[in-house]
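Commentary on secondary and tertiary structure
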Amino acid sequence: MILRLHPPTTGPLPFFRPTLARRITAPLQSVLLAASLITAGLLLPGRLTAATPAAGSITGVVVTDTAKQPLSLVPVTLINLADHRAVHSTITDRAGRFTLEKIPAGEYRINYGHLGSESRESSSFTVAADAKPVDLGSLEVGAPTLILDKVEVKGAQHEFNNSIDRKVYSVGREIQSATGSASDLLQNIPSIQVDIDGNVSLRGSENVMILIDGRTSTLMGKSRAEVLQQLPADLIDQIEVITNPSAKYKPDGTAGIINIALKKKHAGGIATTVTANVGLDDRYNAGVSTNYSSGKLNSFGSYSIRQDDRQRRASDRRTITDPVTGIATTLDKRTEEHSRPFTHIARAGLDYRLDDHNKIGASLSYNHRTFNRNLTDHNVVTDHLGLITSDYDRTRYDPESEDSREAALTYQHTFPTPEHELNLEFKTSATKEQEDNHYADIFRTPVQATTYDRTLIRPTDRGTEAIVEYTRPIDENSRLEAGYTRTGERLDTDFAVSALNPASGLFVNDPTRSNRFAFTQTIHAFYATYGRSLGKFGLLAGLRPEWAATKSTLVNTGEIIPHDYFKVYPSLHLSYKPADHHELQMNYSHRVRRPESDDLNPFPEYSDPYTLRAGNPRLRPEDIHSIEAGYEYREDHTTLIATVYHRYLYNGFTNVTRDIGNSVLLTTHENLATSRSTGLECSGTADLGKLASLNFSTNTFFNTIDASNLGFTGTKSDISWSAKLGATVHLAKATLLQFNTNYTSTRLTPQGSRRPTFVANLGLRREFLQKKMAVVLTVSDLFNSLKESSLLDTPLLKEEITRRRSSRIVYLGFSYNFGQQSKKPKDETLKFDESI
C-alpha cells in the first residue's frame, strides 16, 4: 500500500503555506517527505531513549553548501553522546528550519542530510540545565544526487489536514479518481454537495468560489458545472476547503472557497501517465500527462478527452389558483432528455530558473466542449373540472459548443532571507459559447398545425487579471503579506429568437424576444495580512479594501445601469494548541457574492411557453458575515474534527417564481432581507487494523429565512443535515475495495423546500507490475436511488418537480505509468459518476 504523507506542521509558522508555491512543489515534497521518514526510521532502530526532565530547545536551518538556499524536508536526528543513541528526530520546514524541544541536559550532536546525499553531522554541543536555547545556525548539506523511482511507506495516511485557515483533503484513496470526473471527487469531500446537474454547493450554498491551483480560472466560469463533470479526476492532487478565507483571497463566494490543486511533477527526467476507461452506453475517457525536468527547466503537459452519455427524466406538476375567482388550473409536464457531451481539455506550462533568486513561468489551458441535446416535454393542462384544455409536445434539438482559452505569465524573485519573496502574474482569458435551440410544438388539443421556433444564444467573455504579491518575514515568529489585484471582465450575450413563417417557409426574427445584453466589471483590490505565532497560539489577521465598477447595458433599449461601490473585507484566524494531538481554532470573514450577467439580464429566456427565466438588472451584491470555532484531535491513525459555525447573510440572492397569467411562470432573481444559519459539522477518519479504514462527515444546521421584503409574511425556519460515510477494505496486498454513501435531508427555500437525496457508490482496484499498472471497476449509484425533488408551496402556486438520471453507471478503467515518477501514483483510488 502506497500512502501519501504530508509534512508535519513544525516550525515557528506551521499555518503559513504559500499557496502557489505549494501547488508547484507538492508532488516532489510528498516523495522527499516519505523518503525522509524512511531515513529517520533507519536511524531509529528501536524505541527512542526515554527522556529525562526537559531542559532546553535546539534550533537551526539547513542550507545548500553552494547557493546557501534553505532546504525543506531534510531529516534531522539528535544523537545523545552519552550512549550514542538517537533521542529525537524531525524534518525541516519550508524555510529549512527545524526545532527540537523538551531536550534533557547533556552532550549532543545533530545528524542530517537528504536521502540520496551524504549524511553530515554537526559539531558536538551542550544543552545546559538552565534551559537556555541552543541555536546551531546554518548547517550545510549537498543537493540530493539520487532520485528514487518509488518510495513505499507502510503506515497510515491522514486523509485530511486541518490548518489555521483551511482543510486539505488528499484524494488519492478515492478510487473514483481513476475513472471519474472532478464532480465525482467533490461529492465525497465533507461539507461539499454536488447536485444532479453538477452544481457544487458548500454547506448548502451554491455560492462558492472554485479555484484551480489557488487562482481563478476561465474553466470555473459560468459553465463550471459542465467542466467539473468532464475534468478528469486523475489530474487532481488535493482538494482544499476554505470556509473562511483570509483577506489574501478574493472575497467572492459567500460560502467560501474550494481549491482544486492539480498534479505537477518535478522530479528529474521524464515521467508519463496514460489512462483509459470505458463505460456503459458508449461512455469513455482517456488522457495522457507528462512532465520533464532537467536542471533549471521544468515543463508539464496533459491532454484528455471524455465522452459522456446522459439520460434525464423529469416530472413537473403545478397548480395555479386565480386570486380573483379562486379557480385552479393544473399543468402536468413530463420531460425526457438525452445528451452526449464530448470534451477536450489540454494544459501545458513551464518554469525556468534564471538564477538562484529569479524564476519565470508560462502556462496555457484549453477547453473545448460539444453538447448535443435532444429533449421532449409532454404538456397537459387541465381545468378545475379535470378537463383537458391543452395537450401538446414541445421538442428541442440543441447542438452546443464552448471554447475556453487561458494564458498566464509569472515571475518570482526570492530574497536572501528565507520566505522573503515577490510574485508577479498576468493572466488573460477568453470564452466563446453557442447554444442553437431548435423547438417544435406538436399539438393534440386543440388541434392545430405544428409551430417551429429557434433561439440562438451566443455569449462571449473576455477577462484579464494582474496580480502583485509580496511576502516578508518580520522575525522567526511573524510574517507580513501584502498585494494588489486588478481584474477586468467584459461579457456580451446575444439572444436571437425567430419563428417559422408557414407561408414563406422562412424563420423570421422576433424583435419582442430577441435582445443583446452587455456587462463590464473592473475591480481594484489591495490586501494585507499579518501572522504571528506565540508559543501555542497562532494569529492571522487581514484586511482587503476593494473598489468595484460595474455597468449593465440593455443594447436593445439603450438603457445603461451603472453600479460602483467600495467595501472593506476583514478576516481573522486564531489557533491554540493546548497539548499534543489537540488544537482549537476560531475564525471570521466578511465575503460577497457579485451578480453575474445571467443574474442581471432582464430579458426573458423562453425555454418553453409555460416557463420563463429572467435576470434583475438592479440586483445588489450579497454579503455574508461568517464566524466559526473548531476543535481537532489527531493521534496515530485517528483524526476527528468538530466545527460550530454561524452565518449572517443579507441581500441574499434567491429565485422567486410568480404566475404571470395563462399558467405561465416567470422565475427571476431577488434580494432577500436576511438569512441566518447556525450549524455543527463533524468529520473524522480511523483505521480498523491493517485491513480497513473508515471516514465520515456530518453537517447539521438550523436555517432561518426572512423574505418579508418580497411580500412573504413572517420568517421560515428548518433544521437540515447531511452525512457521508466511506469504507476502504484491503482484500489483498494489491486489491482494494471501496464503498461510499451520501445522504442529504430536506432543505429550506424561500418558497418551499428541496427533498432528501441518497446515493451509494462501489469501486474495486487491482494493481499489477509493481504498481505501475492498475485496473479499476466502479459502479455509480449502486441502488439506483439518486434523484432530486423540489417543492414550491405558496397560497396561489404549488409545484412539485422531480428529476432523475439514467440508472447506475459502470466504468472499467486502466492506467499505466511510464518513466521516472516524482511521486508514487495516486493511492488506491476509485471514482464514480454522480452527475445527474
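For the structure, see preceding data.
Scoring rules and cut-offs
Residues numbered from 1 in each chain as written. Predicted model: local features only at pLDDT ≥ 70, side-chain atom pairs only at ≥ 80, totals over all residues. Heavy atoms only, no water. Helix = DSSP H or I, 4+ residues; strand = E, 2+ residues; numbered from the N terminus. Buried < 20%, exposed > 50% of the residue type's maximum accessible area, 1.4 Å probe, protein only. Contact = heavy atoms within 4.5 Å. Areas by Shrake-Rupley, 256 points an atom, 1.4 Å probe, with all protein chains shown as cover. Polar contact = N/O pair within 3.5 Å; in protein donor to acceptor, adjacent residues only side chain to side chain. Pairing = 2+ DSSP bridges. Axes fitted to C-alpha atoms, helices over the stretch in contact; angles between N-to-C directions. Salt bridge = Lys/Arg side-chain N within 4 Å of Asp/Glu carboxyl O. Patch = residues over 30% accessible without salt bridge, like charges linked within 9 Å, V, L, I, M, F, W, Y side chains within 5 Å. Phe/Tyr/Trp six-rings, centres within 6.5 Å; stacked < 30°, edge-to-face > 60°. Lys NZ or Arg CZ within 6 Å of the ring centre and 35° of its normal. Core = buried A, V, L, I, M, F, W, Y, C linked by side-chain atoms within 4.5 Å.

**Regarding the overall build of the protein**
Broken down by element type, the protein carries four helices and 48 strands. Relative to its 836 residues, the protein shows a buried fraction of 53%. Once local pairs closer than 6 in sequence are excluded, the contacts in the protein between residues at least 24 apart make up 68%. A total accessible area of about 35,000 Å² is found for the protein, and carbon and sulfur atoms account for 58% of it.

**Some points on the environment of Lys716**
Tracing the sequence through the fold places Lys716 in strand S40 (residues 715-732). As for Lys716 and Asn703, which are separated by 13 residues in sequence, their C-alpha atoms are 8.1 Å apart. Residues within four places of Lys716 in sequence aside, it is in contact with Asn703, Thr704, Ile705, Leu748, Thr749, Pro750, Gln751 and Gly752. Here the side chain of Lys716 touches Thr749 through a polar contact of 3.0 Å, landing on its backbone oxygen.

**Section: the pairing of strand S46 (residues 787-793)**
Along any regular strand, the residues point their side chains to alternate faces of the sheet. Where strand S43 (residues 752-754) and S46 come together, three bridges link them in antiparallel fashion. Bridged to Gly752 within S46 is Leu792. The pairing of S46 with strand S47 (residues 797-805) spans seven bridges and is antiparallel. Across the sheet, residue Leu791 finds its bridge partner in S47, namely Glu800. With antiparallel pairing between neighbouring strands as the criterion, S46 and S47 make up a hairpin whose turn holds three residues.

**Some thoughts on the sheet that holds strand S4 (residues 97-103)**
The mixed open sheet is built from three strands, whose spatial order is S4-S1-S8. Across the chains shown, the open sheet's two edge strands, defined by having one partner strand only, are S4 and strand S8 (134-141). The sheet shows a mean angle of 20° between the axes of neighbouring strands, taken without regard to direction. With five bridges connecting them, strand S1 (residues 56-64) and S4 associate as antiparallel partners. Opposite Gly60, over in S4, you have Phe98 as the bridge partner.

**With respect to the pattern of salt bridges**
Inspection of every chain in the model, using the stated rule, returns 45 salt bridges. A salt bridge links Asp510 to Arg513; the nearest nitrogen and oxygen atoms lie 3.9 Å apart. Relative accessible area serves as the criterion here: at 33%, Arg513 is assigned to the partly exposed category. Linked by salt bridges that have partners in common, Glu337, Arg369, Arg373, Arg396, Asp398, Glu400, Glu402 and Glu435 make up one network.

**A look at a nonpolar patch on the surface**
There is a patch of nonpolar side chains on the surface, built from Val278, Tyr284, Val729, Leu731, Leu764, Phe768, Leu769, Val775, Leu777, Leu812 and Phe814 and spanning about 890 Å² of accessible area. For the nonpolar patch, the elements supplying multiple residues, two or more each, are S40, strand S44 (757-768), strand S45 (773-780) and strand S48 (809-819). Mapped onto the elements of the fold, Phe768 is located in strand S44.

**Quick word on the sheet that holds strand S33 (residues 611-613)**
One open sheet accounts for four strands, arranged S32-S33-S37-S36; its pairing is mixed. Of all strands in the sheet, those with a lone pairing partner are strand S32 (605-608) and strand S36 (653-659), marking the two edges. Recorded for the sheet is a direction-independent mean angle of 30° between the axes of neighbouring strands. Of the strand pairs in this sheet, S36 and strand S37 (residues 665-671) are connected by seven bridges, and their pairing is antiparallel. Along S37, the bridge assignment pairs Asn655 with His669.

**Things to note about the packing of aromatic side chains**
Taken as a whole and assessed by the stated rule, the structure comprises eight aromatic pairs. For Arg203, the ring lying beneath its charged end belongs to Tyr645, and the centroid distance is 4.2 Å. Directly above the aromatic system of Tyr439 lies the positively charged group of Arg394, at a separation of 4.0 Å from the ring centroid.

**Focus: the side chain of Arg396**
Here Arg396 shows up in strand S23 (residues 388-414). For Arg396, the side chain forms a polar contact with the side chain of Glu435, separated by 3.1 Å. Leaving out residues up to four positions away in the same chain, Arg396 has contacts with Arg373, Asn374, Leu375, Glu435, Asn437, His438 and Tyr439.

**Here's the deal with the environment of Ser789**
Its place among the elements puts Ser789 in strand S46. The exposure class of Ser789 is buried, given its relative accessible area of 11%. As a C-alpha pair, Ser789 and Ser753 span 36 residues in sequence and 8.7 Å in three-dimensional space. Beyond its immediate stretch of four places on either side in the chain, Ser789 contacts Arg754, Arg755, Ile801 and Thr802. Only 3.1 Å separates the side chain of Ser789 from the side chain of Thr802, close enough to count as a polar contact.

**Some words on the nonpolar core**
In terms of nonpolar packing, the biggest core is built from 28 residues, with Leu186, Ile192, Val200, Leu228, Ile236, Ile239 and Ile258 touching the most fellow members. Among the secondary structure elements, those contributing two or more residues to this core are helix H2 (182-187), strand S12 (192-194), strand S13 (200-202), strand S14 (208-212), helix H3 (224-230), strand S15 (236-242) and strand S16 (256-262). Among the nonpolar cores identified, the runner-up in size contains 18 residues, and Ile58, Val76, Leu100 and Ile110 belong to it.

**A word on the side chain of Asp252**
With respect to the helices, strands and loops of the structure, Asp252 is situated in the loop between S15 and S16. Overall, Asp252 belongs to the buried group, its relative accessible area being 18%. There is a polar contact of 2.7 Å between the side chain of Asp252 and the side chain of Arg594. Apart from the residues lying within four places of it in its own chain, the contact partners of Asp252 are Met209, Arg591, Val592 and Arg594.

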